[in-house]
Amino acid sequence: MLHNETSKPVEFDGFRSQAGLNAFTMSPSKWIDGVNAIGIVTKSGRYGGTYANSDIAFEFASWVSAEFKLYIIKDYQRIKQDENSRLSLNWNLNREISKLNYRIHTDAIKENLIPDEVTSVQKSMTYASEADMLNVALFNSTAKQWRDSNSDKKGNIRDYTDINQLLVLANMESYNAILIGQGIPQEERIQILRTYAIKQLNMLSKLGIETIKSFEQK
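Every value quoted in this text rests on a predicted model; they were computed, and no experiment measured them.

J.: Describe the overall build of the protein, and please don't skip the residues or the numbers.
T.: Helices and strands together make up the secondary structure of the protein, namely eight helices and two strands. Starting at the N terminus, the α and β elements of the protein follow one another as α-α-β-β-α-α-α-α-α-α. Here the protein holds 218 residues, and 24% of them are scored as buried. Partitioning the intrachain contacts of the protein with sequence separation of at least 6 by distance along the chain shows that 57% fall at a separation of at least 24. With the model as given, the accessible surface of the protein reaches about 15,500 Å², and the carbon-plus-sulfur share is 56%.

This is the structure:
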């Protein structure tokens with residue numbers, strides 16, 4: 001069903017209905033001819049035998065040996081744990097980079113957007129406004145809109161981002177700091193940053209996580 005468009009499901013159902021009966025027998029040739037199987041071949045003669053795709057071979061070996069099946073399961077679990085560990089490390093690294101760049105971002109806001117005479121409340125509103133501008137540019141949602149739509153989740157919108165989004169967010173914080181220093185107003189910056197975010201996300205999507213992993217191994 002996954003790999004063979006010319007397989008014969010009706011014939012397969014016939015075999016399945018007979019499986020387990022004392023009179024039922026199955027051979028590789030009978031299976032291949034009956035369901036038009038691919039991925040498995042049988043040859044007679046001096047160098048003959050039955051050869052199969054590794055997926056089929058693993059399944060057969062697992063049926064023959066419970067010990068072998070356990071090895072397969074354990075190895076699969078190990079691979080997934082290693083993969084999750086690497087992804088988690090990448091996510092945490094990008095989260096920390098984002099936090100560091102956030103300091104660059106807030107310093108630029110403090111130096112260029114906040115007059116000395118404003119109150120602490122006004123300062124907080126300015127910081128929040130710039131942070132939410134990045135949220136809208138990257139996630140197309142403010143922090144409040146995300147909380148209202150995800151009341152069952154703890155934390156904030158940035159705690160639920162993927163690796164690519166965190167990397168782009170870190171870059172956006174640095175870029176926004178530069179734009180603030182150039183005196184570009186917020187309504188123009190959000191358009192620039194939105195275009196920047198989409199471009200970078202598309203680029204990272206094309207690279208793919210496997211490509212990123214290959215870079216790490218070099």
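J.: An account of a nonpolar patch on the surface is needed here, citing residue identities and associated values.
T.: Together, F60, W63 and V64 make up an exposed nonpolar region whose accessible area comes to about 410 Å². If you trace the backbone, V64 turns up in helix α3 (residues 54-64). Looking at V64, the relative accessible area reads 55%, which means it is exposed.

J.: Please provide a residue-by-residue account of the nonpolar core, values included.
T.: Most often, soluble globular proteins keep nonpolar side chains buried together rather than apart. Counting 14 residues, the largest nonpolar core has L134, L138, V168, M172, L193 and A197 as its most contacted members. Those elements that place two or more of their residues in this core are α5 (120-139), α7 (163-181) and α8 (186-217). Tallying contributions element by element places α5 first for this core, with five residues. Ignoring anything within four residues of it in the chain, the contact list for L134 reads H105, F139, R158, L169, M172, E173, N176 and L193. Counting six residues, the second largest nonpolar core, distinct from the first, contains F15, F24, I32 and I40.

J.: Any chance you could break down the pairing of strand β2 (residues 49-52) for me, citing the residues and the numbers?
T.: Side-chain positions along a regular strand alternate between the two faces of the sheet. Note that strand β1 (residues 40-43) and β2 share four bridges and pair antiparallel. Following the sheet pairing, K43 is matched in β2 by G49. Hairpin connection from β1 to β2: five residues lie between these consecutive antiparallel strands, with G45 at a positive phi of about 105°.

About the criteria used
- Residues numbered from 1 in each chain as written.
- Predicted model: local features only at pLDDT ≥ 70, side-chain atom pairs only at ≥ 80, totals over all residues.
- Heavy atoms only, no water.
- Helix = DSSP H or I, 4+ residues; strand = E, 2+ residues; numbered from the N terminus.
- Buried < 20%, exposed > 50% of the residue type's maximum accessible area, 1.4 Å probe, protein only.
- Contact = heavy atoms within 4.5 Å.
- Areas by Shrake-Rupley, 256 points an atom, 1.4 Å probe, with all protein chains shown as cover.
- Patch = residues over 30% accessible without salt bridge, like charges linked within 9 Å, V, L, I, M, F, W, Y side chains within 5 Å.
- Salt bridge = Lys/Arg side-chain N within 4 Å of Asp/Glu carboxyl O.
- Core = buried A, V, L, I, M, F, W, Y, C linked by side-chain atoms within 4.5 Å.
- Pairing = 2+ DSSP bridges.

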